[in-house]
Amino acid sequence: MKIYTGRGDEGMTDLRDMSRVSKTSPRIEAYGTVDEANALIGTACPTGYDDVDETLETVQNHLHIVQADFANPDPDEDDPVITESHVVEIEAAIDDAEAELDPLTSFILPGGSEAGATLHHARAVVRRAERRAVELAADEPVNAEAIRYLNRLSDALFVFGRLVNARDGVPEESPSY
């Protein structure tokens, strides 16, 4: 497969159905921001914790499905799409991680260890991807489960950042007002 085609040189790109759209379209913004989040999650690995890394690898594969979902304005029955089972899976991962953490009693400052801080950064990018997806959904049909998944994933990345920091012995800092 050739990496460059030249088809995007004029500021247009192909969707999964081969229709052409501007690279600035809300659909491209949505799945492009998901791609950015996915790359950022990749920089957090390895975290030093196999269970977290395995979950993040699953998440990265799910994000490829989200991208395919957003890149396809009219999916066929056999096209990859995010389903409720993906949302349930990420909720279970949140619950497992939270079971190991002290309850949250206040807002915390994002940061900590390198992996913890990167996961907090990834959370913020996923939140932006969710906003882009909601913006897209205001004008075009979008799989609502993909948006739900992004919402849960931002929560998950927050919890994973806390978990990695706790395991690394990095204390959480609350903002001062």
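This text gives an overview of the structure that appears in the document. (Residues numbered from 1 in each chain as written. Predicted model: local features only at pLDDT ≥ 70, side-chain atom pairs only at ≥ 80, totals over all residues. Heavy atoms only, no water.)

**Brief notes about the packing of helix α1 (residues 26-44) against helix α2 (residues 50-70)**
Then comes step 1: In the contact formed by α1 and α2, the axes pass within 9 Å of each other and the chain directions differ by 170 degrees. As far as their axial angle goes, α2 and α1 are roughly antiparallel. Taken as a pair, α1 and α2 cross one another with a handedness that is left-handed. Together, R27, A30, Y31, V34, D35, N38, I41 and G42 of α1 and L56, V59, Q60, L63, H64, V66, Q67, D69 and F70 of α2 make up the contact between the two elements.
Then comes step 2: Broken down by class, the residue content of the contact of α1 with α2 amounts to nine nonpolar, five polar and three charged. (Axes fitted to C-alpha atoms, helices over the stretch in contact; angles between N-to-C directions. Helix = DSSP H or I, 4+ residues; strand = E, 2+ residues; numbered from the N terminus. Parallel < 35°, antiparallel > 145°, perpendicular 65-115°, else oblique. Left-handed = near helix turned anticlockwise from the far one by under 90°. Contact = heavy atoms within 4.5 Å. Nonpolar A, V, L, I, M, F, W, Y, C, P; charged D, E, K, R; others polar.)

**Points about the pattern of salt bridges**
Side chains that differ in sign of charge can pair as their charged atoms come close.
Then comes step 1: Counted under the stated rule, the structure contains ten salt bridges.
Then comes step 2: Between E100 and R167 there is a salt bridge whose closest N-O contact spans 2.8 Å. Separated by 67 residues along the polypeptide, E100 in the loop between α3 (84-99) and α4 (114-137) and R167 in helix α5 (residues 144-167) bring together distant segments of the chain.
Then comes step 3: What emerges from the salt-bridge pattern is a single network uniting D51, E100 and R167. (Salt bridge = Lys/Arg side-chain N within 4 Å of Asp/Glu carboxyl O.)

**Topic: unusual backbone geometry**
Then comes step 1: That bond from C45 to P46 is cis: its omega, 0 degrees, falls within 30 degrees of zero.
Then comes step 2: Within the element layout of this structure, P46 appears in the loop between α1 and α2.

**Points about the nonpolar core**
Then comes step 1: In this structure, L63, V66, F70, Y149, L150, L153 and L157 are the most contacted members of the largest nonpolar core, which totals 44 residues.
Then comes step 2: Among the secondary structure elements, those contributing two or more residues to this core are α1, α2, α3, α4 and α5.
Then comes step 3: Apart from residues no more than four positions distant in its own chain, Y149 is found in contact with V59, H62, L63, V66, I82, H86, V87 and I90. (Core = buried A, V, L, I, M, F, W, Y, C linked by side-chain atoms within 4.5 Å. Buried < 20%, exposed > 50% of the residue type's maximum accessible area, 1.4 Å probe, protein only.)

Function cannot be inferred from these measures alone, as they are strictly geometric.
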